[in-house]
Amino acid sequence: MTTPEKTPEAPATTTQDEPTTATAKPAAKPRVTKPRAAAKPRAAASKTTSAATTTKSASTAKAKAALKMPDEVLEVAVIGSGFSGLGMGIRLKKAGMTNFRVFEKAGDVGGTWRDNVYPGCACDVKSQLYSYSFEPSAEWSNAYANQGEILKYIRHCATKYGMYPFMRFNSKVLEATFNAEKGEWLLIIEGGELVRAKNVVAAPGPFADPKDPHIKGSENFKGAIIHTARWDNSVELKGKRVALIGTGATGVQVGPAIAPEVAHLTVFQRTANWIMPRPNPDLTEAEKQESRDNPLKMKLNRLSNYWLNEATAPFLILKYDAFKSVPSKISNDYRKRKVKDPELLKKLTPNYKFGCKRVLVSSDWYPTMQRENVTLEVTGIKQITPTGIEMVDGQHVDLDVIIFATGYEVRNTGAPFAVHGLNNASLDDKWKDGAEAFDGIATNNFPNMYFLVGPFTGPGHTSVIAYAEAQIDYVWQAIELRKQMNLKYITVKPSVEASFVKTMDQRSEHTVWKSGCASWYLSPNGRNNVLYPGFNAEYRMRIMRFNPANYVLVGANDQPVKPSLRDHLSTVKMALTA
Ligand SMILES: Cc1cc2nc3c(=O)[nH]c(=O)nc-3n(C[C@H](O)[C@H](O)[C@H](O)COP(=O)(O)OP(=O)(O)OC[C@H]3O[C@@H](n4cnc5c(N)ncnc54)[C@H](O)[C@@H]3O)c2cc1C
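In this text, all values refer to a predicted model and were calculated from it rather than measured experimentally. (Residues numbered from 1 in each chain as written. Predicted model: local features only at pLDDT ≥ 70, side-chain atom pairs only at ≥ 80, totals over all residues.)

Draft legend 1. Spotlight on the nonpolar core. Formed by 136 residues in total, the largest nonpolar core has its most connected members in Ala77 and Ile403. Looking at this core, the element that brings in the most residues is helix H12 (residues 464-484), giving 13 residues. If we skip the residues at most four places from it in the chain, Ile403 touches Ile226, Thr228, Val242, Ala243, Leu244, Ile245 and Val254. (Core = buried A, V, L, I, M, F, W, Y, C linked by C-beta atoms within 7 Å. Buried ≥ 20, exposed ≤ 12 C-beta atoms within 10 Å, placed from the backbone. Helix = DSSP H or I, 4+ residues; strand = E, 2+ residues; numbered from the N terminus. Contact = placed C-beta atoms within 7 Å.)

Draft legend 2. Up close: the sheet that holds strand S17 (residues 401-404). Taken together, five strands build an open sheet; the order of strands is S8-S17-S9-S10-S13 and the sheet is parallel. Each edge of the open sheet carries a strand with a single partner, namely strand S8 (224-227) and strand S13 (374-377). With strand direction ignored, the average angle separating the axes of adjacent strands in the sheet is 20°. Looking at chain direction, strand S9 (residues 241-245) and S17 are connected through four bridges and run parallel. If you follow Val242 over to S17, its bridge partner there is Val401. Packed on one face of the sheet, helix H5 (residues 251-258) meets S9, strand S10 (264-268) and S17 and runs near 165° to S9. (Pairing = 2+ DSSP bridges. Axes fitted to C-alpha atoms, helices over the stretch in contact; angles between N-to-C directions.)

Draft legend 3. Looking closely at the sheet that holds strand S21 (residues 551-555). Spatially, three strands are ordered S20-S21-S22 in an open sheet, and the strand pairing comes out antiparallel. In the strand order of this sheet, the two ends are held by strand S20 (487-492) and strand S22 (560-561), each with one partner. Alignment of S20 against S21, held across five bridges, turns out to be antiparallel. Residue Thr491 lies in a different strand from S21, and its bridge partner there is Val552.

Draft legend 4. Examining the site of the ligand more closely. Contacts to the ligand come from 35 residues, most closely from Gly80, Gly82, Gly111, Cys123 and Gly205. It is helix H2 (residues 83-94) that contributes the most residues to the shell around the ligand, three residues altogether. For the shell around the ligand, the per-class residue count stands at 20 nonpolar, eleven polar and four charged. (Near = placed C-beta within 6 Å. Nonpolar A, V, L, I, M, F, W, Y, C, P; charged D, E, K, R; others polar.)

Draft legend 5. Up close: the pairing of strand S2 (residues 73-79). For S2, the buried fraction is high: five of the seven residues fall into the buried class. Bridge count between S2 and strand S7 (residues 193-202): six bridges; the pairing is parallel. Looking at S7, one finds that Ile79 is bridged to Ala202. Note: S2 against strand S3 (residues 100-103), four bridges, orientation parallel. Within S3, the residue paired with Val76 across the bridge is Phe100.

Draft legend 6. Focus on unusual backbone geometry. Unusually for a residue other than glycine, His214 sits at a positive phi of about 50°. As for its placement among the helices and strands, His214 is situated in the loop between S7 and S8. Phi angles above zero are rare outside glycine, and Asn486 is one such case at about 50°. You can see Asn486 is positioned in the loop between H12 and S20.

Draft legend 7. Just the environment of Asp115, in detail. Assignment of secondary structure puts Asp115 in helix H3 (residues 112-115). Along the chain, Asp115 and Trp231 lie 116 residues apart, while their C-alpha atoms are 8.3 Å from each other.

Draft legend 8. Local environment of the environment of Ala95. As for its position among the elements, Ala95 is in the loop between H2 and S3. Assessed through the 12 C-beta atoms surrounding it within 10 Å, Ala95 is described here as exposed. Considered as a pair, Ala95 and Glu480 are 385 residues apart in the sequence and their alpha carbons are 9.5 Å apart.

Draft legend 9. Structural context of the environment of Thr503. Along the polypeptide, Thr503 turns up in helix H13 (residues 494-508). As a C-alpha pair, Thr503 and Pro533 span 30 residues in sequence and 9.6 Å in three-dimensional space.

Draft legend 10. Looking closely at the confidence of the model for the chain. Averaged over all residues, the pLDDT of the chain is 89; the fraction at 70 or higher stands at 89%. In this model residues 1-54 is a low-confidence stretch, pLDDT under 50, and it forms 78 contacts with partners more than four residues away in sequence or in other chains. (pLDDT = per-residue confidence, 0-100.)

Draft legend 11. Representation of the packing of H2 against helix H4 (residues 147-160). In contact at an axis separation of 10 Å, H2 and H4 are set at 20° when each is read in the N-to-C sense. The orientation of H2 relative to H4 falls into the category roughly parallel. When the axes of H2 and H4 are compared, the crossing they make is left-handed. Counting all contacts with H2, which are made through Phe83, Leu86 and Ile90, the residues of H4 involved are Ile154, Cys157 and Ala158. Here the contact of H2 with H4 is built from residues that sort into six nonpolar, no polar and no charged. (Parallel < 35°, antiparallel > 145°, perpendicular 65-115°, else oblique. Left-handed = near helix turned anticlockwise from the far one by under 90°.)

Draft legend 12. Representation of the pairing of S13 in the model. Burial along S13 is one-sided: Val374 and Leu376 are buried, while Thr375 and Glu377, pointing the other way, are not. With four bridges connecting them, S10 and S13 associate as parallel partners. Along S13, the bridge assignment pairs Phe268 with Glu377.

Draft legend 13. Quick peek at the packing of H2 against H12. Contact geometry for H2 and H12: axes closest at 9 Å, N-to-C directions at 40°. Regarding the angle of H2 to H12, the classification is oblique. In the packing of H2 onto H12, the handedness of the crossing is right-handed. Packed against H2, whose contacting residues are Phe83, Ser84, Gly87, Met88, Arg91 and Leu92, the element H12 presents Val464, Ile465, Ala468, Glu469, Ile472, Val475 and Trp476 at the interface. In the contact of H2 with H12, the residues fall into nine nonpolar, two polar and two charged.

Encoded structure:
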């Protein structure tokens with residue numbers, strides 16, 4: 001058994017414990033000038049020759065062979081320390097396991113909430129539900145906490161549950177290769193370290209990398225360009241002419257937060273969104289104290305939030321008009337009440353079915369769009385020039401700062417890192433047209449490997465954590481059973497995986513996500529393999545018990561093993577005591 005390293009200090013909480021404060025600024029319209037000639041595109045990068053590629057792969061193989069093979073074999077290697085990976089680590093430790101590590105490419109826990117520090121960043125599911133069920137918090141300042149508070153909460157959990165000794169920060173997993181003979185994974189960590197582990201739990205997150213909108217000419221802009229997912233606090237916004245490109249979940253948070261301080265904000269909108277109001281009053285000290293004194297009330301609060309969200313599932317998920325009229329009316333009425341100018345109202349009215357793209361929650365987006373110092377542009381962008389943005393109609397907006405609120409490269413195709421399974425099968429190849437996994441967790445040919453918040457298990461109507469926690473319990477059962485039965489490996493049966501995927505595809509046909517709009521829910525071939533097309537409660541029931549009958553179990557002698565009644569009962573017991 002491995003002894004955990006010395007406990008490192010938890011880093012101090014960084015930015016944004018408070019939302020950005022507002023100071024009204026005089027409205028200054030940006031200068032609009034006439035069209036100019038487009039900048040010449042830069043020369044294409046020279047092609048890599050096949051000889052160079054061969055040399056490179058030979059030297060890579062040589063470099064790999066030179067790495068030192070460790071003697072120690074971890075029971076579990078968890079990849080990622082956001083809500084999911086950290087939750088997995090806590091679960092393993094609670095079960096008494098110490099021979100595991102959490103590999104994190106960054107220098108701290110937190111995932112999404114460590115990386116997204118843009119003004120206004122907050123959750124859009126109530127914090128009582130967007131937090132671990134085993135660690136309710138009475139300290140939230142609002143019903144929907146901001147980024148700083150969520151990050152502080154995650155760090156609090158890491159400290160309280162003694163997770164820092166198990167963390168391996170600045171350890172990006174580059175590659176994982178399964179050794180069927182030994183029944184273990186070999187991980188290559190950036191920097192050249194090798195790690196052996198019997199089980200791998202991949203929790204690299206759905207929104208790790210910012211999406212570059214690839215607008216022509218951006219390299220020529222003389223001002224600053226910031227992506228919301230890599231916010232740069234050194235860029236001054238006060239008194240500047242700023243463009244916000246993108247009006248999705250991030251755009252509607254950052255726009256209202258910065259509008260009061262900039263000289264002028266030009267918002268470039270491609271598609272108007274369905275918006276629901278999100279009242280978010282401060283919680284008083286008396287209310288917080290009441291929660292501290294009455295943990296049962298907090299639990300009931302969470303439960304009522306959970307079931308309220310579940311009740312909204314048919315309205316957000318199904319495509320049928322019967323489920324669309326009520327929420328569409330609420331959203332339409334809200335917009336009409338808030339937006340007085342008919343031209344602006346038209347621009348802000350969505351032209352697709354309610355729920356086809358993510359429904360946004362914001363009580364300050366419409367007021368922001370009506371500020372004197374804000375302009376909403378719906379004309380497309382032609383290019384970025386050295387001094388601003390040129391639109392397709394030839395108009396030019398002079399700018400100091402451009403903000404890309406263009407979201408993330410959602411990983412619905414390809415592997416999150418290089419993974420080679422049985423018979424050197426490549427996960428990248430398997431998932432090239434769309435990621436698939438049985439119950440969203442395990443995929444055939446990649447034994448003893450489990451995904452958290454994997455394919456088909458994003459939330460359409462509730463908190464990610466409701467999915468992740470159920471998956472964590474399931475994965476823990478799989479890991480325990482493998483150990484108890486002394487198996488070399490466990491891999492899901494191809495027929496079982498195919499049947500689950502078929503069910504997901506069939507169900508997705510009934511969802512509003514496939515009603516004709518473009519969204520990040522769909523992979524390039526038009527399939528939904530991101531969101532769960534159903535109730536969370538049903539998903540939880542589905543994966544409550546790890547059923548070994550769905551898996552091929554391979555014993556120490558390389559022969560398939562049939563699970564006995566005792567093995568089945570063991571998983572029932574684990575499911576009931578999770
Ligand atoms: C701005 C924003 C707001 C959101 N609001 C909500 C909300 O209100 N409700 C909701 O349900 N969801 C929300 N989400 C979705 C959110 O991503 C999830 O709720 C949650 O953070 C997912 O946690 P995770 O641990 O699975 O992934 P992440 O938080 O993304 O963590 C993954 C971790 O893995 C690490 N990692 C990745 N690859 C490697 C590698 N190769 N090696 C080592 N480490 C690696 C990353 O550095 C990261 O720390 C929001 C997302 C964003 C971006």
